[in-house]
Amino acid sequence: MEINELLIPTILGGICVAISVYGLAIAKDRKYALGGLFLYSLIPISHRTGIFLENPEDYFGTNVSGTFNVLQASRDAGVSKFIYTASSSCYGLPDKFPTSELARIQPQYPYALTKWLGEELALHWAKVYQMPVVSLRLFNVYGPRSRTSGTYGAVFGVFLAQKLAGQPFTVVGDGSQTRDFTYVSDVVDAFIVSANSNATEEIFNIGSGATVSIKVIENPLSSLIHQTTESYQRPIPHQSLPG
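Quantities reported herein were computed from a predicted structural model and do not represent experimental measurements.

Trainee: So, the packing of aromatic side chains: which residues are in play, and what are the values?
Mentor: Overall, the coordinates contain six aromatic pairs when judged by the stated rule. Relative to Phe 139, the ring of Tyr 91 has its centre 6.2 Å away and its plane inclined at 25°; by these criteria the two rings are stacked. Of the two residues, Tyr 91 sits in the loop between strand S2 (81–87) and helix H4 (110–129) while Phe 139 sits in the loop between strand S3 (133–138) and strand S4 (141–142), which places them 48 residues apart along the sequence. For the residue pair Tyr 91 and Phe 139, the accessibility class agrees, reading buried in each case. Through a chain of ring-to-ring contacts, the aromatic side chains of Phe 68, Trp 125 and Tyr 129 assemble into a single cluster. Here the guanidinium or amino end of Arg 75 rests over the ring plane of Tyr 129, the centre of that ring lying 3.7 Å away.

Quick look at the structure:
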């Protein structure tokens with residue numbers, strides 16, 4: 001199934017205001033909900049700001065209170081599936097790669113904590129209100145339309161923008177840290193498969209299953225733009241996140 005076959009509308013709005021969420025969700029002819037498939041969680045606030053530590057009240061408002069609003073609206077609308085966009089940052093710095101869904105939860109930042117709390121809300125609603133819920137923990141999504149600004153995260157988009165502008169790469173730490181990068185079309189496939197499955201009260205990691213260091217990413221991008229690679233190292237803010 002193609003994504004346009006789902007007939008999902010694109011809506012800009014704030015999920016922190018309950019009445020606006022209810023106005024969007026009470027479209028009973030829509031098959032899917034968005035906490036879920038109102039794909040609001042695909043553009044979480046930290047991905048807009050690139051900051052994990054500042055303004056924790058914004059993270060809580062969006063990822064916890066906002067998720068509550070969408071869950072309630074989805075429940076009232078009688079949606080057939082709620083897919084929560086979770087984050088692999090809930091694992092902190094995991095001990096094993098690939099990382100299992102059973103790995104210890106150890107969020108390092110307010111963003112990671114609030115994304116996990118939103119997931120807990122969604123799974124609780126599934127258990128208590130029998131709402132079909134699946135949570136997808138995404139690992140470092142990249143691809144077309146990636147964010148190209150911000151200090152931490154979205155490294156592919158940031159690096160490419162810097163090379164196109166003739167600027168040196170901004171490398172956090174020494175670049176030896178590794179991450180599991182997931183192409184955006186694979187994430188879309190995961191949403192479609194989850195939406196059409198019978199799974200509920202389930203958590204799935206969405207990643208490639210392999211890790212790549214930040215250093216390795218520099219060379220192919222440099223060759224692509226036919227420029228000499230330079231890099232500017234900046235300190236790791238606290239600990240490097242996996243996703």
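Trainee: Before we move on, can you summarise the pairing of S3 with the specific residues and values?
Mentor: Taken across its six residues, S3 has six buried, putting it largely inside the fold. A two-sided burial pattern is seen for S3, the buried positions comprising Val 133, Ser 135 and Arg 137 on one face and Val 134, Leu 136 and Leu 138 on the other. Relative to S3, S2 runs parallel, the two sharing six bridges. Its bridge partner lying in S3, Phe 82 is registered against Val 133. Read as a crossover between parallel neighbours, the route from S2 over H4 to S3 is right-handed.

Trainee: So what's going on with the pattern of salt bridges? Residues and values would help.
Mentor: Under the criterion given, the structure shown has one salt bridge. Here Arg 137 and Glu 119 are joined by a salt bridge, their closest N and O atoms 2.6 Å apart. Taken as a pair, Arg 137 in strand S3 and Glu 119 in helix H4 lie far apart in primary sequence, 18 residues in all. Among the residues examined, Arg 137 registers a relative accessible area of 3% and is labelled buried. Of the residues examined, Glu 119 reaches a relative accessible area of 1% and is grouped as buried.

Trainee: Give a description of the confidence of the model for the chain that names residues and reports values.
Mentor: Here the chain averages 75 in pLDDT, while 65% of its residues score no lower than 70. Here helix H2 (residues 45–49) stands out as the least confident element of the chain, with mean pLDDT 42; strand S8 (residues 202–206) is the most confident, with 97. Contacts of residues 25–31 to residues separated by more than four positions or lying in other chains number 15 contacts, the stretch itself having pLDDT below 50. Contacts of residues 33–50 to residues separated by more than four positions or lying in other chains number 57 contacts, the stretch itself having pLDDT below 50.

Trainee: An account of the environment of Gly 61 is requested, with residue identities and associated values reported.
Mentor: In this fold, Gly 61 is placed in helix H3 (residues 56–77). Once the C-alpha coordinates of Gly 61 and Thr 114 are considered, the two residues, 53 residues apart in sequence, prove to be 8.9 Å apart.

Cut-off values and rules
Residues numbered from 1 in each chain as written. Predicted model: local features only at pLDDT ≥ 70, side-chain atom pairs only at ≥ 80, totals over all residues. Heavy atoms only, no water. Phe/Tyr/Trp six-rings, centres within 6.5 Å; stacked < 30°, edge-to-face > 60°. Helix = DSSP H or I, 4+ residues; strand = E, 2+ residues; numbered from the N terminus. Buried < 20%, exposed > 50% of the residue type's maximum accessible area, 1.4 Å probe, protein only. Lys NZ or Arg CZ within 6 Å of the ring centre and 35° of its normal. Pairing = 2+ DSSP bridges. Right-handed = clockwise from strand over helix to strand, strands pointing away. Salt bridge = Lys/Arg side-chain N within 4 Å of Asp/Glu carboxyl O. pLDDT = per-residue confidence, 0-100. Contact = heavy atoms within 4.5 Å.

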